[in-house]
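Here is what each chain is made of, one letter per residue.
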Amino acid sequence: DDQIERERASQHLAGGCCALAAIYLMGKFYVANAGDSRAIIIRNGEIIPMSREFTPETERQRLQFLALLRPELLGKEFTHLEFPRRIQPKELGKKMLYRDQNMNGWAYKKIEEEDLKFPLIFGEGKKARMMATIGVTRGLGDHDLKVFSSNIHIKPFLSCFPEVRVYDLTQYEHCPDDVLVLGTDGLWDVTSDKEVAGVVMEVLTSYEPNDPCRYTMVAQELVVRSRGVLKERGWRLANDKLGSGDDISVFVIPLGGPGNYT
C-alpha cells in the first residue's frame, strides 16, 4: 500500500484494488484477503470457507469506531450512527431506531440536528456504500479517492491489512478433485459456493485425473457461466437472471496429485 502511494506521486498512477493471496509453505496454505474477493476449499464435496468479504456491512463497527475517534474524517457531512433509513427534517424530536459502534442490535434515540447528516454506511447487501462512494472497505491504493463533489478522503477508512486463514494440508488425504478456488467478486455476485462446487465436480469428472488442463477448464467454465450469454436484454445466465457485470478472475488450484486416489 505504501508502494502504491509512492508510485502515485512518482509515476502519476492513481486507483486501487482488492487483494487475495494464497501462499503454500511447509505443508500449509496461508490465504490472505483484503477486499471482497473470496476463497473456498472444496474437499470431497465439502465446502470450506477460506476468507470473508470486507464490506461496509461486515465492517460496520470498525468504521463507526474510527469515525467516533476521529470525527474530523467525516467532514461535517456524515454521521457515524446508522439508521434503518434516511431521516427527514420533519422527524426532529421524534424517536427512531439506531445503532452505534458498540451495538449489534438496535435501540431508540431522539432525533437531533446532527442525525440529519448522511450516514457513514448506507444501503444493504451489494448496494451498501461507505460515505455513499465505495462498497468495499479493505484493499490497496485509492489514496486519491474522495466523496463526490467534496474534499473528504475515503482512504482513512480503507484498511490494507488482510485477514489470514491457515489450512494444514498434512491433516487430510487429498484426491485430485480437491481444490482451492480463488475468485473476484464478479464470480461470487452471481454464483454461490454450492454452485461453484457443482461446476468443479461436473468439469473435473469429465477429464482424466492426470490431465493437467482439467483445472484450467474449471476456471474457464466458472468465468463463462458467471458472465452469461449476451442477449437483447444484456448478459444473461442460464436461469435468465443478469450475468455478472463486474470483472471475473478465477484460479483453481489442486490440493492433491493423481497418485492421491485411495
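These numbers were taken from a predicted model, which means no experiment stands behind them.

Visitor: Could you give an account of the pairing of strand β2 (residues 19-25), naming the residues involved and the relevant values?
Guide: Two strands pair when backbone bridges link them, and β2 and strand β3 (residues 28-34) are joined in this way by 7 bridges, in the antiparallel orientation. In the sheet register, Leu25 faces β3, and the bridge partner there is Lys28. Remark: 2 residues form the turn of the hairpin made by β2 and β3, two consecutive strands paired antiparallel; Met26 in that turn has positive phi of roughly 50 degrees.

Visitor: Break down the domain arrangement of the protein for me, with residues and values.
Guide: Reports often express the size of an interface as the amount of accessible area lost when the parts come together. Structurally, the protein comprises domain 1 (1-52 + 162-254) and domain 2 (59-157). Distance from the C-alpha centre of domain 1 to the C-alpha centre of domain 2: 31 Å. Opposite the 17 residues of domain 1 that make contact, domain 2 presents 10 residues. In total, domain 1 and domain 2 occlude about 1,100 Å² of area from one another, counting both sides; carbon and sulfur atoms represent 51% of this. If you sort the residues of domain 1 by the area they bury against domain 2, Asp1, Arg8 and Cys17 come out on top, with a joint share of 36%. The interface formed by domain 1 and domain 2 contains 4 salt bridges. Residue Lys126 is joined to Asp185 by a salt bridge in which the shortest nitrogen-to-oxygen separation is 3.8 Å. Summed over the shared surface of domain 1 and domain 2, the result is 7 residue pairs in polar contact (both at pLDDT 80 or more).

Visitor: Let's hear about the sheet that holds β3: which residues, and what values?
Guide: Taken together, the 3 strands give an open sheet; going across it, the order is β2-β3-β13, and neighbouring strands pair in antiparallel fashion. Each edge of the open sheet is held by one strand with a lone partner, namely β2 and β13 (163-168). Between one strand and the next, the sheet's axes are offset by a mean angle of 15 degrees, whatever the strand orientation. Relative to β13, β3 runs antiparallel, the two being bridged by 6 bridges. Residue pairing in the sheet places Lys28 in a bridge with Asp168 of β13.

Visitor: Go over the pattern of salt bridges, please, and point to the residues and values.
Guide: Applying the stated rule across the entire model yields 21 salt bridges. The shortest N-O distance in the salt bridge between Glu46 and Arg43 comes to 3.3 Å. Note on Arg43: relative accessible area 12%, which makes it buried. Three or more residues joined by partner-sharing salt bridges are found here, namely Glu5, Arg8 and Asp144.

Conventions we followed
Residues numbered from 1 in each chain as written. Predicted model: local features only at pLDDT ≥ 70, side-chain atom pairs only at ≥ 80, totals over all residues. Heavy atoms only, no water. Pairing = 2+ DSSP bridges. Helix = DSSP H or I, 4+ residues; strand = E, 2+ residues; numbered from the N terminus. Domains from an automatic or database assignment. Contact = heavy atoms within 4.5 Å. Buried area = accessible area lost by both parts, 1.4 Å probe. Salt bridge = Lys/Arg side-chain N within 4 Å of Asp/Glu carboxyl O. Polar contact = N/O pair within 3.5 Å; in protein donor to acceptor, adjacent residues only side chain to side chain. Axes fitted to C-alpha atoms, helices over the stretch in contact; angles between N-to-C directions. Buried < 20%, exposed > 50% of the residue type's maximum accessible area, 1.4 Å probe, protein only.

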